[in-house]
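# Inside the fold
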Amino acid sequence: GPGPGAYVLPSSTSGDAVRGGRISKGHPKSYIDWIQYNESKKPGPADHPHREMKHVTGLATFSASGSITELERAMRESAKKPGPVDHPTTHQAFTATKHSIIGTRFA
């Protein structure tokens, strides 16, 4: 077959030169557009048949044992630990130290 040099390209000075052009006038779908398009093809909640739920009594009971949730357990554990109001402020600690030193004899 012919090699790359066998082809004649139009000269940039002649009127036959290929100018820039547009490959396509289409507007491709974005990532979000593709998600919306694909999801629109799938059935939604309203497209499924509705089944009547049977009302059954006596099978489910709630425990009255007083078990606590994880949040309640964490709250009880936190209540046992000292909080910010349980510690003296820097001013209170300095004042208490200053007053305890006054009148003390140093050897």
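Up top is the structure.
Right, let's walk through the structure included here. (Residues numbered from 1 in each chain as written. Predicted model: local features only at pLDDT ≥ 70, side-chain atom pairs only at ≥ 80, totals over all residues. Heavy atoms only, no water.)

## Focus on the overall build of the protein
- Along the protein, the regular secondary structure elements total 3 helices and 0 strands.
- Taken from N to C terminus, the helices and strands of the protein fall in the order α-α-α.
- Each of the 107 residues in the protein was classed as buried or not, and the buried ones make up 1%.
- Per element, the accessible surface of the protein, about 11200 Å² overall, is 59% carbon and sulfur. (Helix = DSSP H or I, 4+ residues; strand = E, 2+ residues; numbered from the N terminus. Buried < 20%, exposed > 50% of the residue type's maximum accessible area, 1.4 Å probe, protein only. Areas by Shrake-Rupley, 256 points an atom, 1.4 Å probe, with all protein chains shown as cover.)

## Concerning the pattern of salt bridges
- Under the defined criterion, the tally for this structure stands at 3 salt bridges.
- Among the salt bridges present, the one from Glu39 reaches Lys42, with a minimum N-O distance of 3.1 Å.
- Assessed through its relative accessible area of 43%, Glu39 is described here as partly exposed.
- Residues Lys80 and Glu77 are paired through a salt bridge, measuring 3.5 Å at the closest nitrogen-oxygen approach. (Salt bridge = Lys/Arg side-chain N within 4 Å of Asp/Glu carboxyl O.)

## Examining the packing of aromatic side chains
- One pass over the full model with this rule turns up 1 aromatic pair.
- When the ring centre of Trp34 is taken as reference, the NZ or CZ atom of Lys29 above it lies at 5.6 Å.
- Its guanidinium or amino end placed over the ring of Tyr37, Lys29 lies 5.2 Å from that ring's centre, counting from NZ or CZ. (Phe/Tyr/Trp six-rings, centres within 6.5 Å; stacked < 30°, edge-to-face > 60°. Lys NZ or Arg CZ within 6 Å of the ring centre and 35° of its normal.)

## Examining a nonpolar patch on the surface
- Taken together, the side chains of Tyr31, Ile32 and Ile35 present a nonpolar region at the surface, about 340 Å² in accessible area.
- Residue placement: Ile32 occurs in helix 1 (residues 31–40).
- Classification of Ile32 by relative accessible area gives partly exposed; the value is 49%. (Patch = residues over 30% accessible without salt bridge, like charges linked within 9 Å, V, L, I, M, F, W, Y side chains within 5 Å.)

Interpretation note: all reported values are geometric properties and have no functional meaning in isolation.
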